[in-house]
Amino acid sequence: MRIRILFLFTIFSVLSFAQEKVQDSITRKKITAVKLEKAPKIDGNLDDDAWKNIPIAKDFIEFRPNNGKAEDADFKSEVKIAYDDTGIYVSAMLYDKEPSKISKELTERDNIGNDDFFVLFLNGYNDKQQSLELFVTAAGVQADSKITNENGEDFSWNGIWYSAAKIVENGWTVEMKIPFSELRFPKSEVQNWGLNFFRQINRTKTAYTWNYINNQKGGFLLYDGVLENIKNIDPPIRLSFMPYFSTYVNNYDGQTTTNFNGGMDVKYGINDAFTFDMTLIPDFGQANFDNSILNLTPFEQQFTEQRSFFTEGTELFEKGNMFYSRRVGGYPSKSANVSADETLVEEPSKVKLFNAFKISGRTNKGLGIGFFNGITEKAEATIRNNITGETRKEVLEPWANYNVLVLDQRFNGNSSVTLVNTNTMRSGNFRDANATGILWSINNKKNTYQYYGNVKGSWIMDNGTKFGNRSQLGFGKTSGKNRFDINANFVTKNWDINDLGFSTTTNIASYNAWY
């Protein structure tokens, strides 16, 4: 076994750890939600009657560069938020003494360039561990992501919501509507949600937030304010069908072949917190191509998911980095076995996904549940005998079933314990695989110390059983001027999750520390 030892230290002749006074709880601004009788028009004009008599979120605090400083009077921000039975509405008046200098650049969605922008952070579970991040730039461009403490921002998620921005004589404005169909929240008569607003002024490189964020302590999401008293809502049923039909015509070597496909995607909101997704006989021909990469390493390259079906509930299924969705409908398990007097006529490069479904959501007790199941079709190669002219079929990948189960319990505002299980079962004399992991991230109530780690096991069943293990154990101080982290990682030689996960590192032990 190779041993890698890495110590990163800053050495001082005298090192004293100052005792810091840390608040037991973070101060949270609160604003009361108001239910609208008539919805405003989302056009960037804030003169609708709907915005009258709505409480104002104001007195923003500088996030950078001078963390904690009151907002500049020349760049005040005033935000209103309301709701009806269809969704959440936001209006923002973002003052600027020189509107002609507001940075606005027309870009693609999810690509914030040299722009002033406004961000809404909304957490239906109010647990300080996840939020939807909805951006609007001064040019009116949208960006959206899911953000979690564990994985940061995930811009692969694209919601359907509405916004408008407008430059006015004393700054610029934003209006937004976020339908309840894009939000996830537990079922409750009266609800309080996590809420924050963020504003970036590009030309001064200054950023402000509504609820103060101490950038020397903890994570961004710990500092949510509260949107109070959302009640008596009756959201519409979340049910959508997306049928498709496609045809392909291929001409090669004088032969023309045609292929017809048909299928459907279904999305159903079991309730406001849990969503059922299903895809039947999908055709991902419309998905984006992967970027071209020149791979000069001996290792497989990992690509982001381009298929929209797999982007729902990613904050759960990405736990522990044990599920790589590109394995489902990926390459066949083996290559064709062609003898010297045979010719390979046809060899499939991809396995076709027959159907898949998943259920994902989180209860009002903080328990996240994710379950995925997918079935792929048999893939065969066609081989011709050069002497007899006969053809034969060889199975490169049999009918296979893939499933993933994730149980993630959150508690104490910034702690969680997670169970992840992935399972691959192939019919016939092909290999099966299973991987199971337990993960934990425990923070004290003051969010000054963190204890984290995991224990994972992999089992490969292929003419016998091969067991591998991967584990981590760590402890660190996460706030204040003096911070440190100590951790150890172990990976055995037989660790293998590549039937449904992604891993290239084995047979390593590493010990790390930093101050």
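**Some thoughts on the nonpolar core**
Logical step 1: Among the nonpolar cores identified, the biggest contains 38 residues, and Phe-118 and Met-176 are the most heavily contacted of them.
Logical step 2: Elements that contribute at least two residues to this core include exactly strand 6 (77-83), strand 7 (87-95), strand 8 (117-123), strand 9 (130-137), strand 13 (171-179), strand 14 (190-201) and strand 16 (225-231).
Logical step 3: Membership of the second largest hydrophobic core comes to 21 residues, among which are Met-322, Ala-356, Val-491 and Ile-497.

**Comments concerning the pattern of salt bridges**
Any two side chains of opposite charge can pair, so long as their charged atoms come close to each other.
Logical step 1: Enumeration according to the criterion identifies 21 salt bridges in this entry.
Logical step 2: The salt bridge partner of Arg-203 is Asp-96, with a shortest N-O separation of 2.7 Å. Pair noted here: Arg-203 is in the loop between strand 14 and strand 15 (206-209) and Asp-96 is in the loop between strand 7 and strand 8, with a separation of 107 residues, a long-range link.
Logical step 3: A salt bridge links Lys-101 to Glu-98; the nearest nitrogen and oxygen atoms lie 3.1 Å apart.

**Section: the side chain of Thr-137**
Logical step 1: Checked against the element boundaries, Thr-137 lands in strand 9.
Logical step 2: Here Thr-137 falls in the buried class, since its relative accessible area comes to 1%.

**Let's talk about a nonpolar patch on the surface**
Logical step 1: A cluster of nonpolar side chains, namely Ile-237, Leu-239, Phe-241, Tyr-268 and Ile-270, defines an oily patch on the protein surface of about 530 Å² accessible area.
Logical step 2: Along the chain, Ile-237 turns up in the loop between strand 16 and strand 17 (239-252).
Logical step 3: When its relative accessible area of 71% is taken as the criterion, Ile-237 is described as exposed.

**Some details on the packing of aromatic side chains**
Logical step 1: Going through the model one piece at a time under the given rule, you end up with 23 aromatic pairs.
Logical step 2: Ring centres of Phe-357 and Phe-371 lie 6.0 Å apart, and the angle between their planes is 50 degrees; on these two criteria the pair is classed as tilted. Residue Phe-357 is found in strand 21 (residues 353-362), and its partner Phe-371 is found in strand 22 (residues 367-376); the two are separated by 14 residues along the sequence.
Logical step 3: On the basis of relative accessible area, Phe-371 is assigned to the partly exposed category, the value being 29%.
Logical step 4: Summarising the aromatic geometry, the rings of Tyr-449 and Phe-475 are spaced 5.9 Å apart at their centres and angled 0 degrees between planes, so their arrangement reads as stacked. On the criterion of sequence distance, the pair formed by Tyr-449 in strand 28 (residues 449-461) and Phe-475 in strand 29 (residues 465-477) is long-range, its members being 26 residues apart.
Logical step 5: Here the aromatic cluster, defined as three or more aromatic residues joined through ring pairs, consists of Phe-63, Phe-117, Phe-121, Phe-135, Phe-155, Phe-198 and Phe-220.
Logical step 6: Here the basic side chain of Lys-76 rests over the ring of Tyr-95, its NZ or CZ set 5.2 Å away from the ring centre.
Logical step 7: The lysine or arginine in question, Lys-350, covers the ring of Tyr-331, its NZ or CZ lying 4.2 Å from the ring centre.

Conventions adopted
- Residues numbered from 1 in each chain as written.
- Predicted model: local features only at pLDDT ≥ 70, side-chain atom pairs only at ≥ 80, totals over all residues.
- Heavy atoms only, no water.
- Core = buried A, V, L, I, M, F, W, Y, C linked by side-chain atoms within 4.5 Å.
- Buried < 20%, exposed > 50% of the residue type's maximum accessible area, 1.4 Å probe, protein only.
- Helix = DSSP H or I, 4+ residues; strand = E, 2+ residues; numbered from the N terminus.
- Salt bridge = Lys/Arg side-chain N within 4 Å of Asp/Glu carboxyl O.
- Patch = residues over 30% accessible without salt bridge, like charges linked within 9 Å, V, L, I, M, F, W, Y side chains within 5 Å.
- Areas by Shrake-Rupley, 256 points an atom, 1.4 Å probe, with all protein chains shown as cover.
- Phe/Tyr/Trp six-rings, centres within 6.5 Å; stacked < 30°, edge-to-face > 60°.
- Lys NZ or Arg CZ within 6 Å of the ring centre and 35° of its normal.

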